[in-house]
Each structure stands twice: as structure tokens, then as C-alpha cells.
Amino acid sequence: QVQLVESGGGLVQPGGSLRLSCAASGIIFSRYTMDWYRQVPGKQREWVAIISSGSSFTDYVASVKGRFTISRDNAKNTVSLQMNSLKPEDTAVYYCKASALRDEYWGQGTQVTVSS
């Protein structure tokens, strides 16, 4: 069975940092493009960041550029999202996604709350 499990969420003050991780099992991880998304209740899920299978390409939604960094460790089957200079508008449930040409898998999400 395929599993993607996010961890690292929590409560942080504005300006603080969190590092999210997503551990994958049941797939050949190194073949998959990995993305992070986030969702606020009542709104559409928003794409946040992408990293290619070999880490040669990354990209981010404009609102997090310069603050967030996506990375992956194919030996550990994990993808991470380092979030710095957090803002209240970053509050959301964060999800990781693994995608290849023919399939796509999602984790269950981890809550990030940025509040003073």
C-alpha cells in the first residue's frame, strides 16, 4: 500500500520557522515529482512548491518565494519544506503529493498555525 505521512506541523509565532517532512512508502520514490500544497477551510487547495525527482528543478508560489525551501532525500524517501519568516496567512493544512505520469498520491496533511 502507498502511504505519504506528513509531520512537523504545529503552532508558531509570526516570524518563526517550521520544517515539515513527508515520508513515503510503497512507491519507488526517486521516480516521483513531489509537491507541497496547503488548504484553508472554505478555500481551494493551493499549490506551494515542487521538486523534480533528482532535485534539479524547484519552484514556488510567489507568496512564499524567498521564505520556503523544498528539498528531498531519495535515500530516505522523504521530502521536506523548510518554512522561515512565517506569516499568519501561511496558516493552513499542508499536504504532500507524489506524482508520476500515470499516478498521483496524497498525504493526510499536517496543521500549521501561525499566530501570536
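The structure this text deals with has already been given above.
What you are looking at is a predicted structure, and each value in this text was computed from that prediction instead of being measured.

Novice: An account of the overall build of the protein chain is requested, with residue identities and associated values reported.
Specialist: Along the backbone of the protein chain there are 0 helices and 11 strands. In the protein chain, the succession of α and β elements from N to C terminus is β-β-β-β-β-β-β-β-β-β-β. Taking 13 Å as the expected radius of gyration for a compact globule of 116 residues, we find that the protein chain reaches 13 Å, a close match to that expectation. When contacts within the protein chain are restricted to residue pairs at least 6 apart in sequence, long-range pairs at least 24 apart make up 52% of them. Across the protein chain, the centroid of the 12 positively charged side chains sits 2 Å from that of the 9 negatively charged ones.

Novice: If you had to explain the pattern of salt bridges to someone new, which residues and values would you point to?
Specialist: On inspection of all chains with the given rule, the structure shows 5 salt bridges. As a salt-bridge pair, Arg-38 and Glu-46 come within 2.8 Å of each other at their nearest N and O atoms. For Arg-38, a relative accessible area of 7% puts it in the buried group. A residue is classified by how much of its surface remains accessible, and Glu-46, at 30% relative accessible area, is partly exposed. Measuring nitrogen to oxygen at the nearest pair gives 2.8 Å for the salt bridge that ties Asp-90 to Arg-67. Here the residue Asp-90 occupies a position in the loop between strand S8 (78-83) and strand S9 (92-99), and Arg-67 occupies one in the loop between strand S6 (58-60) and strand S7 (68-73), the gap between them amounting to 23 residues. Beyond isolated ion pairs, a larger network of salt bridges with shared partners links Arg-38, Glu-46, Arg-67 and Asp-90.

Novice: Quick rundown of the pairing of S7? Include the residues and the values.
Specialist: A regular strand places its side chains so that they alternate between the two faces of the sheet. Residues of S7 alternate between two faces, with Phe-68, Ile-70 and Arg-72 buried on one and Thr-69, Ser-71 and Asp-73 left unburied on the opposite face. Where S7 meets S8, 6 bridges bridge the pair, whose relative direction is antiparallel. Pairing of Ser-71 across the sheet is with Ser-80, part of S8. Taken together, S7 and the strand that follows it, S8, pair antiparallel across an intervening segment of 4 residues, in which Asn-77 is found at a positive phi of about 55°.

Novice: Summarise the environment of Lys-97; cite the residues concerned and give the values.
Specialist: Mapped onto the elements of the fold, Lys-97 is located in strand S9. The sequence separation of Lys-97 and Ile-50 amounts to 47 residues, and the corresponding C-alpha distance is 9.3 Å. In contact with Lys-97, not counting residues within four places along its chain, are Leu-4, Thr-33, Met-34, Asp-35, Tyr-37, Glu-104, Tyr-105 and Trp-106. One polar contact links Lys-97 to Tyr-37, side chain to side chain, over a distance of 3.1 Å.

Novice: Mind laying out the environment of Arg-45, listing which residues take part and the relevant values?
Specialist: Structurally, Arg-45 can be placed in the loop between strand S4 (33-39) and strand S5 (46-51). Classification of Arg-45 by relative accessible area gives partly exposed; the value is 32%. The spacing of Arg-45 and Leu-4 is 41 residues in sequence and 17 Å in space, taken between C-alpha atoms. Within the local environment of Arg-45, its side chain forms a polar contact with the side chain of Gln-39, the two groups lying 3.1 Å apart.

Thresholds, definitions, all that
Residues numbered from 1 in each chain as written. Predicted model: local features only at pLDDT ≥ 70, side-chain atom pairs only at ≥ 80, totals over all residues. Heavy atoms only, no water. Helix = DSSP H or I, 4+ residues; strand = E, 2+ residues; numbered from the N terminus. Rg over C-alpha atoms; globule rule 2.2 N^0.38 Å. Contact = heavy atoms within 4.5 Å. Lys, Arg positive; Asp, Glu negative; His and termini not counted. Charge placed at Lys NZ, Arg CZ, Asp CG, Glu CD. Salt bridge = Lys/Arg side-chain N within 4 Å of Asp/Glu carboxyl O. Buried < 20%, exposed > 50% of the residue type's maximum accessible area, 1.4 Å probe, protein only. Pairing = 2+ DSSP bridges. Polar contact = N/O pair within 3.5 Å; in protein donor to acceptor, adjacent residues only side chain to side chain.

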